[in-house]
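Geometric and topological summary
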Amino acid sequence: MAADDGTNVPQKKKAPSEDDKRRQKIVPGSLMKAVMRSGGGDLTPSEGDQVIYHCTVRTVDGVIVQSTRSEYGGKGIPIRHIMGKSKMLLGLLEGIPTMLKGEVSMFKMKRQMHYGEDDCPLAVPSSFPKDEELHFEIEMMGFSKAKVIADDFGVVKEVINEGQGWETPRTPYEVKARISAKAGDGKLILSHIEEPYFFTFGKSEVPKGLEMGIGTMTREEKAVIYVTSQYLSPSPLMPVVEGYEEVQFEVELVHLIQVRDMLGDGRLIKRRLQDGKGEFPMDCPLQDSLLRVHYKGMLLNQEKKVFYDTRVDNDGQPLEFSSGEGLVPEGFEMCVRLMLPEEIALVTCPPDYAYDKFPRPANVPEGAHIQWEIELLGFEIPKDWTGLNFQSIMDEAEKIRVTGNRLFKEGKFELAKAKYEKVLREFNHVNPQDDEEGKVFVDKRNLLHLNVAACFLKMGECRKSIEACNKVLDAKPGHAKALYRRGMAYMAAGDFEEAKSDFEMMIKVDKSSEPDATAALSKLNKTKQEVERKARKQFKGLFDKKPGEISEVGNESKTEQAAVENEEDDGKQGSDGDESQEFHEAAADARGRGWFYRFWPTSGRLFSALGLQRCTIL
């Protein structure tokens, strides 16, 4: 038997749609078409096209029973349908795809092809002659590809001219657009063709449906946005919306100004004043880089007093700094990371992201709100380690680790962790060539994992600290320092038995660590006793009540947290020579820091502003 090479694998058939099932019920003679006026071109509507047509329904005797035309009692508003998506009569579902633009045809339909169809998706008044044969006069006004923006087809966009790039408006971008509006019957409502209309996206300064449509447009795009009454909210652009069933907005997106709410609460705002070069965000310095910027710092007061200007106070020389090292205020760096080369941005920054947690210039008062005008001149990404010999790679890794140690000592644990993790990622591509290099490599990698564990512990992420220690213990089960640090993380998490096991194991694998392990066990006992004391206090009297009585407990302890580490370690696991002693005291700050660092790490804030999630500053 010949082997099956896969070329004759049967293709899975696409399940028939509801419309396909309806078409299967069509019988010969139930739908007849007569062309009354020929259309132009050779294109006909296809699935996904928006079709716009007038419809007049007559009985076989010529009596008009329904029409969209004003001369026949209708509102003068043509019907809009999306082929393959809108609910349509079976006769029109089958007949409209045969029509050309501008064509007028008469469709003669038996009852099962219009409203008399069993389970017809469209309803009519009980007085409508749905059981009779009817004639549908259809004039095809036009058809084109369209984007359905609202699921109920209340907002649909038809692109006239494609735009440039991919960036679309979002809250709170500033937008300039030429806008005109017509009612469904073609009557002009408003026009901003000559002078573009300026508005802030997300502030209800244009009708809701129009804003939804503009939110899908790119710079210089031209489109018609069809908005039905339920999406016509009053706005400065169009104060009166009553009386309109549908409005057609012709829009040209002239310009959009990127404005980013970096924290999501309106306090740290980056507003692009001048476009940069490149594609956002691919050409932004998201990775740790050497950046060159000019900036002007101003107090956000009535005078907008300038307290520093690199072009004046730095002899015209730009500021050069390495990102990811805490060398500039956090709000400053977060915004620069989302800039393109040669971009100019205006940053409005609250005190806690400006100089309240950073060395404050003498002429900047405490608690001052700051505004920076920043120009990113350029940036350099650190050199790739590809092609470096082993010693050179270890030297580069050590430089980064030392920077991480400095950041840790300064209390910038998120930044420190990012440095250590950057080296660990690079280590995935390092291959030691002999046993000596292998030992150096493993020792360095273990040290980095332990430093990451210390950062997590300081940030209140006890479980992640344990995971980092496990990576060392998986490679070397008897690593005393990893046991010590994991024990401290277990203790901080309240897992006292696991912590005790790790401290006791330290003594077994390394006698020299016995003083540190003993001190840790003593601390563990004190911590455990304190937790039990608070628990007894909280639940005191709970089971002393008579049947039917309810004991209210815990009122005094609602705001108290279980004690994790109430004092500094008396004894620490010995340093390996260049790891800071502060790494051994990581658990001391775990209590009270976990919630903030769990939900608001620096990298999380940056990439939330960018619209990405679960990313880490490199």
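Remember, predicted model here, so these are calculated numbers, not experimental data. (Residues numbered from 1 in each chain as written. Predicted model: local features only at pLDDT ≥ 70, side-chain atom pairs only at ≥ 80, totals over all residues. Heavy atoms only, no water.)

A word on the overall build of the protein. The number of helices and strands found in the protein is 14 helices and 20 strands. The buried share of the protein, reckoned over its 618 residues, is 48%. Of the contacts made within the protein by residues no fewer than 6 positions apart, 70% connect residues no fewer than 24 positions apart. With the model as given, the accessible surface of the protein reaches about 32,200 Å², and the carbon-plus-sulfur share is 49%. (Helix = DSSP H or I, 4+ residues; strand = E, 2+ residues; numbered from the N terminus. Buried < 20%, exposed > 50% of the residue type's maximum accessible area, 1.4 Å probe, protein only. Contact = heavy atoms within 4.5 Å. Areas by Shrake-Rupley, 256 points an atom, 1.4 Å probe, with all protein chains shown as cover.)

This paragraph deals with the packing of helix 11 (residues 496–509) against helix 12 (residues 514–538). As a packed pair, helix 11 and helix 12 sit with axes 8 Å apart at the nearest point and diverge in direction by 165°. Between helix 11 and helix 12, the angle is such that the two are roughly antiparallel. The chirality of how helix 11 crosses helix 12 is left-handed. Each of Phe496, Glu497, Ala499, Lys500, Phe503, Glu504, Met506 and Ile507 in helix 11 lies in contact with helix 12, whose residues at this interface are Glu514, Asp516, Ala517, Ala520, Leu521, Leu524, Thr527, Lys528 and Val531. The class makeup of the residues in the contact of helix 11 with helix 12 is 10 nonpolar, 1 polar and 6 charged. (Axes fitted to C-alpha atoms, helices over the stretch in contact; angles between N-to-C directions. Parallel < 35°, antiparallel > 145°, perpendicular 65-115°, else oblique. Left-handed = near helix turned anticlockwise from the far one by under 90°. Nonpolar A, V, L, I, M, F, W, Y, C, P; charged D, E, K, R; others polar.)

Before going further, it helps to spend a moment on the side chain of Glu174. Counting through the fold element by element, Glu174 comes out in strand 9 (residues 174–183). By relative accessible area, which is 14% here, Glu174 ends up buried. Not counting chain neighbours up to four residues away, the residues in contact with Glu174 comprise Phe198, Phe199, Thr200, His255, Leu256, Ile257, Val259 and Arg271.

Moving on, we get to helix 11. Helix length check: helix 11 (14 residues) gives 20 Å between terminal C-alpha atoms against 20 Å at 1.5 Å per residue, within 8%. Check the buried side of helix 11 and you find it contacts helix 10 (480–493) and helix 12. (Expected span 1.5 Å × (residues − 1).)

Moving on to the environment of Val156. You can see Val156 is positioned in strand 8 (residues 155–161). In sequence terms Val156 and Gln50 are 106 residues apart; their C-alpha atoms lie 8.7 Å from each other. Ignoring anything within four residues of it in the chain, the contact list for Val156 reads Gln50, Arg80, Ile82, Ala146, Lys147, Val224, Ile225 and Tyr226.

This part covers the pairing of strand 6 (residues 134–145). Of all 12 residues that make up strand 6, 10 are buried, and the element is covered over most of its length. Pairing analysis gives 11 bridges linking strand 2 (residues 49–59) to strand 6, with the strands arranged antiparallel. Of the residues in strand 6, the one forming a bridge with Gln50 is Ser144. (Pairing = 2+ DSSP bridges.)

Here we take up the pattern of salt bridges. The final tally for this structure, using the stated rule, is 47 salt bridges. Asp502 is the partner of Arg486 in a salt bridge, and the nearest nitrogen-oxygen pair spans 2.8 Å. Of this pair, Arg486 sits in helix 10 while Asp502 sits in helix 11, and the two are 16 residues apart along the sequence. For Arg486, a relative accessible area of 16% gives the class buried. Judged by relative accessible area, Asp502 falls into the buried class, the value being 4%. Each of Asp288, Glu325, Glu333, Arg337, Arg406, Glu410, Lys412 and Lys419 takes part in a single network of salt bridges with overlapping partners. (Salt bridge = Lys/Arg side-chain N within 4 Å of Asp/Glu carboxyl O.)

A few words on the nonpolar core. Grouped burial of nonpolar side chains is what soluble globular proteins tend to show. Within the largest apolar cluster, 49 residues are counted, with the highest numbers of intra-cluster contacts made by Trp385, Phe408, Tyr420, Val423, Phe427, Phe503 and Leu524. Of the residues forming this core, the biggest block, 9 residues, is contributed by helix 8 (residues 435–458). Those residues within four positions of Leu524 in sequence are excluded, and the remaining contacts are Met491, Phe496, Ala499, Lys500 and Phe503. Counting residues in hydrophobic clusters, the runner-up holds 33 residues, among them Met334, Cys335, Met339 and Tyr355. (Core = buried A, V, L, I, M, F, W, Y, C linked by side-chain atoms within 4.5 Å.)

What follows covers the confidence of the model for the protein. Model confidence for the protein is summarised by a mean pLDDT of 86, while 85% of its residues fall at 70 or above. Segment residues 612–618 is flagged for pLDDT under 50; beyond a separation of four residues in sequence, or across chains, it makes 21 contacts in the model. (pLDDT = per-residue confidence, 0-100.)

For the coordinates displayed, the defined rule picks out 0 disulfides. No disulfide involves Cys335; its sulfur sits 7.2 Å from that of Cys349, the nearest cysteine. (Disulfide = S-S within 2.5 Å.)

A few words now on the environment of Phe307. Topologically, Phe307 is positioned in strand 17 (residues 306–309). In contact with Phe307, not counting residues within four places along its chain, are Gly297, Met298, Leu299, Tyr355, Pro361, Asn363, Val364, Ile370 and Trp372.

Next up on the list: the packing of aromatic side chains. For the structure on display, the rule yields 12 aromatic pairs. Ring geometry for Phe321 against Phe332: centres 6.2 Å apart, planes inclined by 70°, an arrangement best described as edge-to-face. Here Phe321, found in strand 18 (residues 319–322), pairs with Phe332, found in helix 5 (residues 330–336); they are 11 residues apart in sequence, far enough to count as distant. Between Phe427 and Phe441, the aromatic rings sit 4.8 Å apart at their centres with planes inclined by 45°, giving tilted as the arrangement. Linking Phe427 in helix 7 (residues 413–427) with Phe441 in helix 8, this pair joins segments that are 14 residues apart in sequence. Residue classification places Phe427 among the buried positions, given a relative accessible area of 3%. Take Phe441: its relative accessible area is 6%, and that puts it in the buried class. Members of the aromatic cluster, joined through ring pairs, are Tyr295, Phe307, Tyr308, Phe321, Phe332, Tyr355, Phe358 and Trp372. Positioned over the ring face of Phe280 is Arg272, at 6.0 Å from the centre of the ring. (Phe/Tyr/Trp six-rings, centres within 6.5 Å; stacked < 30°, edge-to-face > 60°. Lys NZ or Arg CZ within 6 Å of the ring centre and 35° of its normal.)

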